[in-house]
Number of protein chains: 2
Amino acid sequence: MTGSDKTQEPRVDKITPLDSSEAKWAELVKIDWTDQAGKPRVWETANRKTRGSSGVDAVAIAAILLHPSRPTCTMVIKQYRPAVGATCVEFPAGLVDEGETVEQAALRELKEETGYTGKIVSITPTIVSDPGLTTANMQFAVVEVDLKEDELPEQHLDSGEFIERFIVPLNSLYDKLMEFSKDKNTICDARLFHFVAGMHFAKENAKKYGLEASDSKI
Amino acid sequence: MTGSDKTQEPRVDKITPLDSSEAKWAELVKIDWTDQAGKPRVWETANRKTRGSSGVDAVAIAAILLHPSRPTCTMVIKQYRPAVGATCVEFPAGLVDEGETVEQAALRELKEETGYTGKIVSITPTIVSDPGLTTANMQFAVVEVDLKEDELPEQHLDSGEFIERFIVPLNSLYDKLMEFSKDKNTICDARLFHFVAGMHFAKENAKKYGLEASDSKI
């Protein structure tokens, strides 16, 4: 972090119980449900209060930065997350605003976070982040950005926003996440880590597990 | 679902606000924190109340089922999740019990869920499931299971547990998740989906993005 107005390490000062009626962003609810055998049961769940008419809370973006002469890169961000009292490494992401589609939110977030304009090459169905505990859902978009020769994928730093951006070659992203994780004050987002672990797994075990690349068959 | 004592579709009957003091498994908290510029701020977060001395809430397992003459498979489970009011597709997973290591929990869960005994070939650092909303954290283990020729990876169904297990070749897991997602009452876990999307991404784009398999270099 080199934001010019950073004066100190962020810290958690106090954690106190919060009543749902006083909360602005989140709430705790009790779900009475009936199971497959007809038995009444109870589940405790946390919700976001912010979900709009898209029905999807958030979108995360893997920006694929294609450069004519440099390795293909992506961007991850580091930001302090009070919930976990640590700096988190995540894909760029944001909540879907009321009135916009998830695809629009993905391209807006990318533009805001990086200045880049890209095209969506894939987007997942709606998926749920932690369905044993929360209702939170999301979609994950892969967005290609075609860079020109003199357009280097550079790190943007906004002072005041306290978000650090890292441009990392796709081929070394797994090693980078493992390196980040060695710092006791830094923790990776599970969704980012699973995507990168999946890439790494496919690369490392292509022959052993019969996962040969589709585009190398010619 | 073919559990013998299933009599009906599960359903959510009622959702009511829940006070943290009355909740057994989860709580809502207000975090007072100080940002990098020294400004006092507030964040709302949900916690699990069940975290033990391991410091890790849960473990998920990719079981790699190695058979002498069949394609390498893994197992995913489908279970109704009241939080999202839908059937979720997930990797086998469970909470870490007090007094056990995360590795022990992974092998215990695998044994309970599948009857198989495996060996852990990799386990992630601690990662966070949705750090904008909750403190929930986890580790993700890849476990190899060596099957004998006559030991077919078969689906186990426990009546009463209402968990359906699917043995799926690794090579077709992405297509299977996309197929599951087409059912409006079925939704995939984001972490499972990201892992599988990462595998698929690496396979589909190996040449284009310079992600050639490490074990195919000879």
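A brief look at the structure comes next.

About the cut-offs
- Residues numbered from 1 in each chain as written.
- Chains lettered and ligands numbered in written order.
- Predicted model: local features only at pLDDT ≥ 70, side-chain atom pairs only at ≥ 80, totals over all residues.
- Heavy atoms only, no water.
- Helix = DSSP H or I, 4+ residues; strand = E, 2+ residues; numbered from the N terminus.
- Pairing = 2+ DSSP bridges.
- Axes fitted to C-alpha atoms, helices over the stretch in contact; angles between N-to-C directions.
- Phe/Tyr/Trp six-rings, centres within 6.5 Å; stacked < 30°, edge-to-face > 60°.
- Buried < 20%, exposed > 50% of the residue type's maximum accessible area, 1.4 Å probe, protein only.
- Salt bridge = Lys/Arg side-chain N within 4 Å of Asp/Glu carboxyl O.
- Contact = heavy atoms within 4.5 Å.
- Buried area = accessible area lost by both parts, 1.4 Å probe.
- Polar contact = N/O pair within 3.5 Å; in protein donor to acceptor, adjacent residues only side chain to side chain.
- Nonpolar A, V, L, I, M, F, W, Y, C, P; charged D, E, K, R; others polar.

## Focus: the environment of B:Ser172
Structurally, B:Ser172 is set in the loop between strand E11 (164-169) and helix H2 (173-182). The sequence separation of B:Ser172 and B:Ala93 amounts to 79 residues, and the corresponding C-alpha distance is 21 Å.

## Observations regarding the sheet that holds strand E1 (residues 11-17) of chain B
Read from one edge of the open sheet, 3 strands run E3(A)-E2(A)-E1(B), paired in antiparallel fashion. Looking at which strands have only one partner, the edges of the open sheet turn out to be strand E3 (40-48) of chain A together with E1 of chain B. Each strand of the sheet is rotated relative to its neighbour by a mean of 30°, with strand direction disregarded. Two elements, strand E2 (residues 26-34) of chain A and E3(A), share 9 bridges in a ladder whose sense is antiparallel. Bridged to A:Ala26 within E3(A) is A:Arg48.

## Details of the packing of aromatic side chains
All names here are of chain A. Here the structure, examined in full by the defined rule, presents 16 aromatic pairs over all chains. An angle of 75° between the planes, with centres 5.1 Å apart, marks the rings of phenylalanine 166 and phenylalanine 180 as edge-to-face. One end of the pair, phenylalanine 166, is in strand E11 (residues 164-169); the other, phenylalanine 180, is in helix H2 (residues 173-182), with 14 residues separating them in the sequence. Exposure class is identical for phenylalanine 166 and phenylalanine 180. Each is buried.

## Side note on the pattern of salt bridges
With the rule as written, the count across this model stands at 26 salt bridges over all chains. Notably, a salt bridge pairs B:Asp189 with B:Arg191, separated by 2.7 Å at the nearest N-O pair. A single burial state applies to B:Asp189 and to B:Arg191, both of which are buried. Overlapping salt bridges bring together A:Asp97, A:Glu100, A:Arg108, A:Glu109 and A:Glu112 as one network.

## Regarding the interface of chain B and chain A
The interface is formed by 96 residues belonging to chain B together with 96 residues belonging to chain A. Buried surface at the junction of chain B and chain A, both sides included, amounts to about 9100 Å², of which 64% is carbon and sulfur. Of all residues in chain B, the largest losses of buried area upon contact with chain A belong to B:Leu28, B:Gln36 and B:His194, amounting jointly to 9% of the total for that side. Residue B:Arg191 pairs with A:Asp130 through a salt bridge whose shortest N-O separation is 3.4 Å. Applying the counting rule to chain B against chain A returns 34 residue pairs in polar contact (both at pLDDT 80 or more). Looking at which element gives the most residues to the side of chain B that touches chain A, the answer is helix H3 (residues 190-204) of chain B, with 12 residues. By residue class, the composition of the side of chain B that touches chain A is 47 nonpolar, 24 polar and 25 charged. Both E2(A) and E1(B) contribute to a ladder of 6 bridges, which runs antiparallel. Paired with A:Ile31 across the strands is B:Ile15, a residue of E1(B).

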